[in-house]
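# Per-entry structural report
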Amino acid sequence: MALDIVVVMDPIGSIKIAKDSTFAMLLEAQRRGHRLHYVRPGGLSLRDGVAMADLAPLSVRDDPAGWFELGRPSHRALGGGDVVLVRTDPPVDGEYIHDTQVLGIAQAAGAMVVNDPQGLRDYNEKLAALLFPECCPPTLVSRDAAALKAFVGEHGEAVLKPLDGMGGRSIFRAVAGDPNLNVILETLVGGGRHLAMAQRWLPEIAHGDKRILLVDGVPVDYCLARIPQGDEFRGNLAAGGRGEGRPLTERDRWIASRVGPEMKRRGMLFVGLDVIGDWLTEVNVTSPTCIRELDAQFGLNIAGLLFDAIERRGSTG
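Below is a short write-up of the structure. (Residues numbered from 1 in each chain as written. Predicted model: local features only at pLDDT ≥ 70, side-chain atom pairs only at ≥ 80, totals over all residues. Heavy atoms only, no water.)

### Here's the deal with the nonpolar core
Judged by nonpolar contacts, the single largest core of 38 residues is most densely connected at Met263, Leu273, Leu280 and Val283. If we ignore the near neighbours within four places in the chain, the residues touching Met263 are Tyr123, Phe132, Leu214, Met268, Val271, Val283 and Val285. Core analysis: the next-biggest nonpolar cluster, separate from the first, contains 37 residues, Ile12, Ile15, Leu213 and Val215 among them. (Core = buried A, V, L, I, M, F, W, Y, C linked by side-chain atoms within 4.5 Å. Buried < 20%, exposed > 50% of the residue type's maximum accessible area, 1.4 Å probe, protein only. Contact = heavy atoms within 4.5 Å.)

### A word on the environment of Pro219
Tracing the backbone shows Pro219 in strand 13 (residues 218-219). In the structure, Pro219 is positioned 34 residues away from Arg253 in sequence and 7.4 Å away in space, judged by C-alpha atoms. For Pro219, the residues in contact, after removing those within four places along its chain, are Ile212, Leu213, Leu214, Leu248, Arg253 and Ala256. (Helix = DSSP H or I, 4+ residues; strand = E, 2+ residues; numbered from the N terminus.)

### Some thoughts on the pairing of strand 12 (residues 209-215)
For strand 12, the tally of buried residues reaches seven of seven residues, placing the bulk of the element in the interior. Along strand 12, one buried face is formed by Asp209, Arg211, Leu213 and Val215 and the opposite face, lined by Lys210, Ile212 and Leu214, is buried too. The sheet contact formed by strand 12 and strand 14 (residues 222-227) spans three bridges and is antiparallel. Bridge assignment links Arg211 to a residue of strand 14, and that residue is Leu224. In this sheet, strand 16 (residues 270-276) lies alongside strand 12 in antiparallel orientation, the contact comprising seven bridges. Residue pairing for strand 16: Leu213 is matched across the bridge by Gly272. As paired elements, strand 12 and strand 13 share two bridges and run antiparallel to each other. Across the sheet, the residue bridging to Leu214 is Pro219, located in strand 13. Between strand 12 and strand 13, which follow one another and run antiparallel, lie two residues, and Asp216 among them has a positive phi close to 55°. (Pairing = 2+ DSSP bridges.)

Given below as structure tokens:
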């Protein structure tokens with residue numbers, strides 16, 4: 001049965017289709033005969049308690065010279081028969097939270113929202129990893145600059161980061177005795193107003209920050225190791241890291257077995273785990289990427305696995 005696929009995403013005209021996982025999802029949905037609808041940025045609203053959206057019919061093609069066409073927009077309610085893909089990038093700020101509240105009302109009216117809007121609110125992507133402390137390296141989250149400094153001293157070297165960044169932004173590598181450590185911590189905690197995270201430095205980052213994708217709680221068999229280049233310590237592709245596909249290790253599968261069932265229970269159908277060496281560092285739920293890179297390297301169809309899960313849930317919902 002054809003579904004109405006409603007996509008909430010960053011402006012489609014500015015994406016890089018060779019790397020964009022949302023685009024892979026749209027191509028797969030269209031291939032299956034589902035109807036695509038693009039939500040105009042800022043186009044979610046509520047009217048008399050009904051979730052509404054400014055929608056334009058969408059068609060896509062895998063052509064960098066012109067990858068989408070939009071039809072005449074309309075304004076309509078969201079509800080039964082709609083599958084809403086929530087794919088906007090962080091930050092998870094007030095506006096993002098408000099949109100998840102609108103989408104929660106759409107969900108109550110019968111729409112399937114991927115990922116679940118309550119989960120999007122609950123799971124800060126850095127804090128969510130700490131729901132599984134047995135998988136994580138030593139970690140401190142605090143507003144206290146002195147406590148964070150003491151953590152760096154205890155471990156000798158640590159990574160310091162805000163809780164609301166993405167793509168490697170505002171991540172610092174610090175060693176005990178670094179003359180810049182005080183100002184780094186002042187910048188992150190803002191005089192005690194902001195929580196920041198410190199994690200023990202993992203030298204295994206030299207071999208890559210692995211992105212493991214979970215589809216309805218089940219790991220894809222291959223991960224993308226994002227390997228730092230040159231004098232950069234961050235592996236994020238947005239920070240210039242090189243992506244190298246690899247089969248999952250036994251430890252990767254163990255971590256996925258700890259995290260996956262809870263993600264599935266909470267309706268988080270598409271999740272990205274960040275693993276350095278043997279340790280989970282983040283649980284990405286807002287707009288996980290790496291579909292296109294893994295598909296290209298291993299002949300996969302990860303978006304196909306996602307739509308299999310969506311269609312299964314739709315047939316039993």
